[in-house]
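Letter by letter, the chains look like this.
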Amino acid sequence: MFVLVNLKTYPCDPVAVAEAVRDVDESTDARLAVAPQAADLARVAETGVETWAQHVDPIEHGSNTGHTLAESVADAGAVGTLINHSEKRLKLADIDGSVRAAERAGLETVVCANNPEQIGAAAALGPDAVAVEPPELIGTGTPVSQADPDIVEDAVEAADNVDSEVSVLCGAGISTGDDVVAAGDLGAEGVLLASGVAKADDPQAALEDLVDPL
Ligand SMILES: O=C[C@H](O)COP(=O)(O)O
């Protein structure tokens, strides 16, 4: 299972969480990675943890003030990027452009979507993976695998119908090892989570619990 920890803009210490993710990664067969804010990418990557960006824009080098360039993210040490997170929604053409920009920079891609219908559309753009996240469950602590398991199974089927090479992650409300196992049982190859680790009093202990049953 791939466990991607998104730090969003939570008031945590990104380097401390990165070090915890790195240390736990060394003790599990699961693949762990962390997605800090763009400004923190380089110092997070320096810890040795697998580092992802939260977003890249559909642009090239040039006159794009305030944008995030895929090449700069890669230069800072990121190996992948989220695109179209529920908190950073893009138009379809821009999702496509961001996937192409990430590919150009050699970044792995996970395109997020709200529901199985959008997952099919996202998979058609050819990312490495898609992530289904019902927005109403984000940050609630109620996992999608429990609240509406059909969403995960339908997302896996929708992606598979379009492109069987695109793997499926699920997210929203995931905070325990049982949640991760349930996601895997529904066909997901990974999970995207945030508050369960980034807002935990002890992020390392929270992560250890998450990967314990894997
Ligand atoms: O990127 C992560 C997702 O939005 C899930 O967030 P959450 O784990 O706080 O529900």
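Residues numbered from 1 in each chain as written. Predicted model: local features only at pLDDT ≥ 70, side-chain atom pairs only at ≥ 80, totals over all residues. Heavy atoms only, no water.

Chemist: For this particular structure, what's the right way to read the sheet that holds strand β5 (residues 108-113)?
Modeler: Across a sheet, paired strands are connected by hydrogen bonds in the backbone, their directions being either parallel or antiparallel. Taking strand neighbours across the sheet as the criterion, the eight strands line up as β2-β1-β8-β7-β6-β5-β4-β3 in an open arrangement whose pairing is parallel. Pairing within the sheet leaves two strands with one partner each, and these edge strands are β2 (31-35) and β3 (52-53). In terms of strand pairing, strand β1 (residues 2-6) meets strand β8 (residues 190-193) through four bridges, oriented parallel. Bridge pairing in β8 places V5 opposite L193. (Pairing = 2+ DSSP bridges. Helix = DSSP H or I, 4+ residues; strand = E, 2+ residues; numbered from the N terminus.)

Chemist: Would you take a moment to explain the pattern of salt bridges for this structure?
Modeler: A side chain with one charge may pair with a side chain of the opposite charge, provided their charged atoms come close. Taken as a whole and assessed by the stated rule, the structure comprises nine salt bridges. K8 is paired through a salt bridge with E87; the nearest N and O atoms lie 2.9 Å apart. In this pair, K8 sits in the loop between β1 and α1 (14-25) while E87 sits in the loop between β4 (80-83) and α4 (92-104), placing the two residues 79 residues apart along the sequence. Its relative accessible area of 49% is what places E87 among the partly exposed residues. Between R22 and D23 there is a salt bridge; the shortest N-O distance is 3.0 Å. The class for R22 is partly exposed, based on a relative accessible area of 24%. (Salt bridge = Lys/Arg side-chain N within 4 Å of Asp/Glu carboxyl O. Buried < 20%, exposed > 50% of the residue type's maximum accessible area, 1.4 Å probe, protein only.)

Chemist: Is there a simple way to explain the UniProt feature "active site" (unreviewed entry) in the chain in this structure?
Modeler: When the UniProt feature table is mapped onto this chain numbering, "active site" (unreviewed entry) sits at H85 and E133. Maximum C-alpha separation among the annotated residues is 8.7 Å over a sequence range of 49 residues, consistent with a single clustered spot. Secondary-structure assignment places H85 in the loop between β4 and α4. Filtering out sequence-adjacent residues up to four positions away, H85 remains in contact with N6, K8, C112, E133, I138 and L192. With respect to the helices and strands, the residue E133 is situated in the loop between β6 (129-132) and α6 (144-147). A relative accessible area of 5% means that E133 is categorised as buried. Residues in contact with E133, not counting those within four places in the same chain, are H85, A113, N114, I138, G171, A172 and L192. Among the polar contacts listed, one links the side chain of E133 to the side chain of H85, at a separation of 3.3 Å. (UniProt positions renumbered as here; feature names shortened; annotations may be inferred. Contact = heavy atoms within 4.5 Å. Polar contact = N/O pair within 3.5 Å; in protein donor to acceptor, adjacent residues only side chain to side chain.)

Chemist: It is not clear to me how the site of the ligand should be interpreted in this structure. Could you clarify?
Modeler: By nearness alone, every residue bordering the ligand is listed as N6, K8, H85, E133, I138, G139, A172, G173, L192, L193, A194 and S195. One of the side-chain N or O atoms of N6 is found 2.9 Å from an oxygen atom in the ligand. Across the complex, the protein chains shield 100% of the 310 Å² of accessible surface that the ligand would expose by itself. Residue classes in the shell around the ligand are distributed as five nonpolar, five polar and two charged. (Near = heavy atom within 4 Å. Areas by Shrake-Rupley, 256 points an atom, 1.4 Å probe, with all protein chains shown as cover. Nonpolar A, V, L, I, M, F, W, Y, C, P; charged D, E, K, R; others polar.)

Chemist: Could you clarify how one ought to interpret the UniProt feature "binding site: substrate" (unreviewed entry) in the chain in this entry?
Modeler: Those residues carrying the UniProt feature "binding site: substrate" (unreviewed entry) are N6, L7, K8, I138, G173, A194 and S195 in this numbering. These annotated residues cover 190 residues of sequence, but their C-alpha atoms sit close together, with the largest distance between any two at 14.3 Å. Within the element layout of this structure, I138 appears in the loop between β6 and α6. When you line up the elements, A194 lands in the loop between β8 and α9 (195-198).

Chemist: Would you mind showing me how to read the packing of aromatic side chains here?
Modeler: One pass over the full model with this rule turns up one aromatic pair. Ring plane angle 50 degrees and centroid distance 5.6 Å describe the contact between F2 and W52, whose orientation is recorded as tilted. Here F2 is found in strand β1, whereas its partner W52 is found in strand β3, with 50 residues between them in sequence. The ring of F2 carries R31 above its face, with NZ or CZ at 4.0 Å from the centroid. (Phe/Tyr/Trp six-rings, centres within 6.5 Å; stacked < 30°, edge-to-face > 60°. Lys NZ or Arg CZ within 6 Å of the ring centre and 35° of its normal.)

Chemist: For this particular structure, what's the right way to read the state of the cysteines?
Modeler: Two cysteines, two sulfur atoms, one covalent bond between them: this is a disulfide. What the rule picks out here adds up to zero disulfides. Its sulfur unpaired, C12 is 18 Å from the next cysteine sulfur, which belongs to C112. For C112, which is in no disulfide, the shortest distance to another cysteine sulfur is to C170 and amounts to 12 Å. Residue classification places C112 among the buried positions, given a relative accessible area of 2%. (Disulfide = S-S within 2.5 Å.)

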